[in-house]
Amino acid sequence: MPKLFGRKRPNIRDAAAAEVPDTRPSAPRYRWKGGEDEERLDELSRIIVGRAKELIDHYQEQMRKAPSRPEAMAWFDERARFLSSPRIGEIEEHKANGGKVIGTMCVFAPLELIRAADAIPVRLCSGLHNTIATGEELMADAGLCPMVKSTLGVKMTHASPFFEASDAVIVPMVCDGKFKLGEVLQDFMEVWMVNVPHIKDTQQARSMWLDEVRALQQQIETLTGNRIYWEELKREIQLSLRAQTVARRLYDLRKADPPVINGRDSLLVNQTPHTEDLSVWVEHATVLAQELEQRVRDGIAVSDPEAPRIMLAGAPIMWPNFKIPQLIEESGGSIVADELCSGTRWLYDPIGIDEWIWDDMFQAMAERYLQPSVCPCFTPNDPRIGRIKQMIEDFRVEGVVYHVLRGCHIYNGESTRVKQSAEDRGVPMLIIETEYSQEDTEQLRTRVEAFLMLVRARRKKAAKAKRRAFKTIDGSEGGDGA
Amino acid sequence: MTVTAGVDMGSTATKALVLVDGRIAGSTARITGADPERAGEMALKESLDQAGLQLEDVEYIVATGYGRRALELADESVNEINANARGAAWLGSSEGTVRTIIDIGGQDSKVIALDEDGVIADFVMNDKCAAGTGKFLEVIADLLEIPIEDLGDISLRSTKPVNINSTCVVFAQSEVVSLIARKEAPADILAGIHRSIASRVTTMARRVSMDRVVVFDGGPAKNKGLLAAIEAELGHPVVVPRHPQVVVALGAALIAADMLTDDGGGA
Ligand code: SF4
Ligand code: SF4
């Protein structure tokens, strides 16, 4: 068998020798007038941050309206006000002590390596609406996904303290939007592009991916000046495993009928680790899980126990872009499952370690970002279909809402297949193509409401059919009231 | 005597219908204008007048349509897709169970597929752009200075429909201006416009349903030229109810009646 690793456990001297080419261009490639006038930029930034806070307040207010919201959500609420979260202070302190912060996008950056080097990983994919216009000044493509433009706009306007704190950002080459975004961002910060193989289960893809992760390791070590040792990596893998265990517990709790937690809250809980200290998150998520387990025992429903059970699928929904989940739940649906990369997807297939030796650990850690991933940037992506079918069954899903961000072709491209396979299981699916703006809310509401009615009507019909079947077996009359 | 009413608060027109013991006793349609609530009240009053009834006689009122929340005297509001399905399924068709509804409204168009029991199976909507909606027809009628009711008859006289390339209303408008300048016959221009709308909505229809029993409703369904164009695109006949504009209001009135019986209503 060919050796996958050229070297064993790295040591400091290797690090000194490892030359990491500086990928930053010496002069900016893009001219951006808005960035030159600092005073006006500050003003713009203030306006954007103000509006973003209003948006966050708006959704939080809506979410707090749930009649019996779990008390443990309080901590997540506080952290969700991320533009003024106490986390910012923690990160500033970390940086003042010489610590580094590394931005990530999507779900491909090896977080364990970042943490093992004592750096803080923060996911920078943005859900802010009002930075899009600024992003468009450098990426004017009208057909480009709003998440990409929003993320760029956040950097250009210095709106997010997490972006500002990042010493570098890891950008995976998953879709056209992301890799051109990485290019433009190079004018603003250090960018580490990562090649993600789109056909992933070949030997070439595996070894290429391992090389990519090894290169990242070097970049991380050079930036932080910290070598990553066996002990630290093991510690961080174990932390990830602990986090996934709690997340899995929370995931299973959503199978409860009636539901014990709202879909919006679940989504928020799953997104909090994007910026938080994972070990702190584990504590709070555990408290939440205990509270929810108690609710299951006591039979306390968070919303209408008869609400149609909806699964949210498709393109990422990033806090505070909660337009779609808000619409679904305010129209009377209950989101009991999601397969979003900004939702539960990060907990699929925990890192499997047979033996805690460096090579095995490293390989298992790296591979878990690739092999179990069902991101539509891969082809063929049959496992995603299989996973969705399984979730429909496990969570007793009655309807799927498939979210497409306009311009996200990879998610749109898979929508027909997902729809057909949901329908094969007798579950209807609504495809919603939208952007971040609130403009289309009322039109979408009409669709969502009609869809929920459709789901209810199907449920009624199924119940009737069941009663009829029962009657024929039973041979007796009656029981069919309506 | 059970009296219920449905009020369809559309973007362009407001429709009301009164149902007495499962029979249509009165119905009206009027321009929505700037005050939707008043339009709704007026439409309801006119339908009640036709039926010889007073507001107090009505046991249950259901509002529907984009402006449904504006009508305070309604007891309940329902989604217009459901109301449309209910109304069209109730009217039925001599061809068999209604399985597909094409609805063209003032500012949107939709296609609803029903299953064999009249329950909604799927739907698609175009509410992003005015192409394929009543608005498009209005704009063109204005340009050609032809009353909107006459569009259908005139277009049926066309011998050689023009090709309209733009699907966007704004661009189509300038295209029509240049067609007029080129002295194309209004009949041919209109036939081209109808064809363009028909091709848009039938593409939507094919996405949700291939069933042949198709009902076409909404105000523009009164346009015979548009109907002919849709039939030509689909390749089979399409049923238009006698009063296509009030099908959604009818559905709302039927749902109101359902709500009085304890079934709880719904599609
Ligand atoms: S789906 Fe994949 S490519 Fe798209 S944002 Fe999520 S992780 Fe990134
Ligand atoms: S949402 Fe789609 S287009 Fe946008 S970054 Fe993710 S994968 Fe790319």
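Residues numbered from 1 in each chain as written. Chains lettered and ligands numbered in written order. Predicted model: local features only at pLDDT ≥ 70, side-chain atom pairs only at ≥ 80, totals over all residues. Heavy atoms only, no water.

Draft legend 1. Main features of the overall build of chain B. Helix and strand content of chain B: eight helices and nine strands. Expected size for 267 residues packed as a compact globule is a radius of gyration near 18 Å; at 19 Å, chain B falls within 12% of this value. Dimensions of chain B along its principal axes, counting C-alpha atoms only, are 60 × 40 × 30 Å. For chain B, buried positions account for 55% of its 267 residues. A separation of at least 24 residues holds for 64% of the contacts in chain B among residues at least 6 apart in sequence. (Helix = DSSP H or I, 4+ residues; strand = E, 2+ residues; numbered from the N terminus. Rg over C-alpha atoms; globule rule 2.2 N^0.38 Å. Buried < 20%, exposed > 50% of the residue type's maximum accessible area, 1.4 Å probe, protein only. Contact = heavy atoms within 4.5 Å.)

Draft legend 2. Fine view of the overall build of chain A. Looking only at helices and strands, one finds 18 helices and eight strands in chain A. The C-alpha radius of gyration computed for chain A amounts to 23 Å, which stays within 12% of the reference 23 Å derived for 482 residues, consistent with globular compactness. Within chain A, the proportion of its 482 residues that are buried is 56%. Contacts in chain A between residues at least 24 apart in sequence constitute 76% of all its contacts with a sequence separation of at least 6. Element-wise, carbon and sulfur atoms account for 50% of the exposed surface of chain A, whose accessible area totals about 20600 Å². Of the side-chain charges in chain A, 65 are positive and 73 negative, and the distance between the mean point of each set is 4 Å. (Areas by Shrake-Rupley, 256 points an atom, 1.4 Å probe, with all protein chains shown as cover. Lys, Arg positive; Asp, Glu negative; His and termini not counted. Charge placed at Lys NZ, Arg CZ, Asp CG, Glu CD.)

Draft legend 3. Structural context of the sheet that holds strand E3 (residues 23–31) of chain B. Residue and element names in this part refer to chain B. Across the sheet, which stays open at both edges, the five strands sit in the order E3-E2-E1-E4-E5 with mixed pairing between neighbours. Among the strands making up the open sheet, the edge pair consists of E3 and strand E5 (76–77). Of the pairings in the sheet, the one linking strand E1 (residues 3–9) to strand E4 (residues 60–64) comprises five bridges and is parallel in character. Counterpart to Gly 6 in the pairing with E4 is Val 62. Sitting on the sheet, helix H1 (residues 36–51) is in contact with E1, strand E2 (13–20), E3 and E4, with an inclination near 145 degrees to E3. (Pairing = 2+ DSSP bridges. Axes fitted to C-alpha atoms, helices over the stretch in contact; angles between N-to-C directions.)

Draft legend 4. Looking closely at the site of ligand 1. As a matter of local geometry, ligand 1 sits amid Cys 106, Val 107, Met 147, Val 174, Lys 178, Pro 316, Cys 341, Cys 375 and Tyr 411 of chain A. Looking at side-chain class alone, the shell around ligand 1 contains eight nonpolar, no polar and one charged residues. (Near = heavy atom within 4 Å. Nonpolar A, V, L, I, M, F, W, Y, C, P; charged D, E, K, R; others polar.)

Draft legend 5. Spotlight on the interface of chain A and chain B. Every contact between the two is made by 20 residues of chain A and, on the other side, 21 residues of chain B. Summing both sides of the interface, chain A and chain B together bury roughly 1700 Å²; the carbon and sulfur share of this comes to 51%. In terms of surface lost to chain B, no three residues of chain A exceed Thr 446, Arg 447 and Lys 461 of chain A, which account for 30% of the buried area on that side. Along the contact surface separating chain A from chain B lie six salt bridges. Across the salt bridge formed by Arg 69 of chain B and Glu 449 of chain A, the nearest N and O atoms sit 3.2 Å from each other. Taken together, the links from chain A to chain B amount to eight residue pairs in polar contact (both at pLDDT 80 or more). Considering every element that reaches the side of chain A that touches chain B, the biggest residue donor is helix H18 (residues 441–474) of chain A, with 13 residues. (Buried area = accessible area lost by both parts, 1.4 Å probe. Salt bridge = Lys/Arg side-chain N within 4 Å of Asp/Glu carboxyl O. Polar contact = N/O pair within 3.5 Å; in protein donor to acceptor, adjacent residues only side chain to side chain.)

Draft legend 6. Here's a closer look at the site of ligand 2. Around ligand 2, the neighbouring residues are Cys 145, Met 147, Val 148, Cys 175, Lys 178, Pro 316, Leu 405, Cys 408 and Ile 410 of chain A. For the shell around ligand 2, a count of residues per class yields eight nonpolar, no polar and one charged.

Draft legend 7. Region of interest: the nonpolar core. The biggest cluster of nonpolar side chains holds 123 residues, and the ones touching the most others in it are Trp 281, Leu 288, Trp 319, Val 397 and Val 400 of chain A together with Phe 123 of chain B. The leading source of residues in this core is helix H2 (residues 38–64) of chain A, at eight residues. Domain assignment of the residues forming this core places at least three in each of domain 1 (1–93 + 244–267) and domain 2 (98–238) of chain B. Apart from residues lying up to four places away in sequence, Val 400 of chain A is in contact with Met 311, Ala 313, Ile 392, Ala 422, Val 427, Pro 428, Met 429, Leu 430 and Phe 451 of chain A. In this structure, Ala 131, Ile 193, Val 208 and Phe 216 of chain B belong to the second largest nonpolar core, which totals 40 residues. (Core = buried A, V, L, I, M, F, W, Y, C linked by side-chain atoms within 4.5 Å. Domains from an automatic or database assignment.)

Draft legend 8. Fine view of the domain arrangement of chain B. Residues and elements named next belong to chain B. The domains assigned to chain B are domain 1 (1–93 + 244–267) and domain 2 (98–238). Taking the mean C-alpha position of each, domain 1 and domain 2 sit 25 Å from one another. Counting from both sides, the interface comprises 15 residues of domain 1 and, opposite them, 22 residues of domain 2. Interface of domain 1 and domain 2: buried area, both sides summed, is about 1500 Å²; carbon and sulfur atoms make up 67% of it. On the domain 1 side of the interface with domain 2, the three residues burying the most area are Ile 81, Asn 84 and Pro 244, jointly 34% of the side's total. Counting across the interface, domain 1 meets domain 2 through zero salt bridges. Remark: the boundary between domain 1 and domain 2 carries four residue pairs in polar contact (both at pLDDT 80 or more). By residue number, the principal contributor to the side of domain 1 that touches domain 2 is helix H2 (residues 80–91), which donates seven residues. For the side of domain 1 that touches domain 2, a count of residues per class yields seven nonpolar, seven polar and one charged.

Draft legend 9. Seen up close, a nonpolar patch on the surface. Residues and elements named next belong to chain B. Residues Ile 24, Trp 90 and Leu 91 make up a contiguous nonpolar surface patch of about 270 Å² in total accessible area. Position of Trp 90 relative to the elements: it lies in helix H2. When its relative accessible area of 37% is taken as the criterion, Trp 90 is described as partly exposed. (Patch = residues over 30% accessible without salt bridge, like charges linked within 9 Å, V, L, I, M, F, W, Y side chains within 5 Å.)

Draft legend 10. View of helix H13 (residues 278–298) of chain A. All names here are of chain A. Over its 21 residues, H13 runs 30 Å from end to end, which matches the ideal 30 Å to within 8%, given 1.5 Å per residue. For H13, the full list of buried residues reads Leu 278, Trp 281, Val 282, Ala 285, Leu 288, Ala 289, Glu 291, Leu 292 and Arg 295. Considering only its buried residues, H13 is in contact with helix H3 (73–80), helix H5 (111–116), helix H11 (230–253) and helix H12 (263–271). Count one or two residues on from H13 and you reach Gly 299, which has phi positive near 65 degrees. (Expected span 1.5 Å × (residues − 1).)

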